[in-house]
Amino acid sequence: MDDRDVRLLKAIAELETGSPERLHEATGIPVSTIHYRLNNLREEGIIANDRYDIDLEALGLGVTVLVEIHADYQGSYEEFADRLLTVEGVTNVYFTMGETDFIVVARLSGSEMVERLIAEFEQLEGVDRTVSTFVISAVEERDALQSYSLETLLEELVDT
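What you see is a predicted model, and the numbers here were worked out from it, not measured in a lab.

Next up on the list: the pattern of salt bridges. Summed over all chains, the structure comprises five salt bridges. The shortest N-O distance in the salt bridge between arginine 37 and aspartate 5 comes to 2.9 Å. In this pair, arginine 37 is assigned in helix H3 (residues 31-43) and aspartate 5 in helix H1 (residues 3-15), connecting sequence segments 32 residues apart. Residue classification places arginine 37 among the buried positions, given a relative accessible area of 15%. Between glutamate 14 and lysine 10 there is a salt bridge; the shortest N-O distance is 3.1 Å. Here glutamate 14 and its partner lysine 10 are both found in helix H1, four residues apart, which amounts to about one turn of the helix. Salt bridges linked by common partners bring Asp2, Asp5 and Arg37 together as one network.

Written out as structure tokens, the structure is:
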């Protein structure tokens, strides 16, 4: 990965688009070079998809719940995480260190779905208990690259 790749990825995160024309305006990199580099970044698995982001709140899935899972399970943590992901509404599962074994993020439509979510977790073999936190308001949700300055990204990611 070089300077141009990092600049492109940062621009994609900030502009929230993969439009070569918009990326050219933001970076000054020629459009043909942008096409070539985007294809390479896809082939390397760095760009995972060309999806449209959906406003989950506008869709009706505006309730976010963070659930700490305290578990005593057999097998690998990956297998247990896969079982957690079978519960409808779960968007992220994190294996953690400390008192909590896993943290789960779920996007739901309302309190009935929250109740169902917790009931389903408690029925999973290996779940000892759950601790749920209802998110009142997302102060800011941003792409990971948006949390770094371009200078830091260049320093940390460019192959030298």
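With their axes 10 Å apart at the nearest point, H1 and helix H2 (residues 20-27) run at an angle of 110° to one another. Put simply, H1 runs roughly perpendicular to H2. Like other packed secondary-structure pairs, H1 and H2 cross with a definite hand, here right-handed. Residue-level inspection shows Arg7, Leu8, Ala11, Ile12 and Leu15 of H1 in contact with H2, the latter providing Arg22, Leu23, Ala26 and Thr27. The class makeup of the residues in the contact of H1 with H2 is six nonpolar, one polar and two charged.

We now examine the nonpolar core. For soluble globular proteins, the rule of thumb is that nonpolar side chains tend to be buried together. Val67, Ile69, Phe80, Leu84, Leu117 and Phe121 are the most contacted members of the largest nonpolar core, which has 21 residues in total. Looking at this core, the elements with two or more residues in it are strand S1 (63-71), helix H5 (77-84), strand S3 (102-108) and helix H6 (111-123). With five residues, the top contributor of residues to this core is S1. Those residues in contact with phenylalanine 80, other than ones at most four positions away along the chain, are Ile69, Ala71, Tyr73, Phe102, Glu125, Gly126 and Val127. Leu23, Ile29, Ile34 and Ile47 belong to the second-largest nonpolar core, a separate cluster that totals nine residues.

Of all seven residues making up S3, six are buried, and the element is well covered by its neighbours. Strand direction decides the pairing type here: S1 and S3, joined by seven bridges, are antiparallel. Counterpart to valine 67 in the pairing with S3 is valine 104. Where strand S2 (residues 90-95) lies against S3, five bridges are found, and the strand directions are antiparallel.

Cut-offs and rules
- Residues numbered from 1 in each chain as written.
- Predicted model: local features only at pLDDT ≥ 70, side-chain atom pairs only at ≥ 80, totals over all residues.
- Heavy atoms only, no water.
- Salt bridge = Lys/Arg side-chain N within 4 Å of Asp/Glu carboxyl O.
- Helix = DSSP H or I, 4+ residues; strand = E, 2+ residues; numbered from the N terminus.
- Buried < 20%, exposed > 50% of the residue type's maximum accessible area, 1.4 Å probe, protein only.
- Axes fitted to C-alpha atoms, helices over the stretch in contact; angles between N-to-C directions.
- Parallel < 35°, antiparallel > 145°, perpendicular 65-115°, else oblique.
- Left-handed = near helix turned anticlockwise from the far one by under 90°.
- Contact = heavy atoms within 4.5 Å.
- Nonpolar A, V, L, I, M, F, W, Y, C, P; charged D, E, K, R; others polar.
- Core = buried A, V, L, I, M, F, W, Y, C linked by side-chain atoms within 4.5 Å.
- Pairing = 2+ DSSP bridges.

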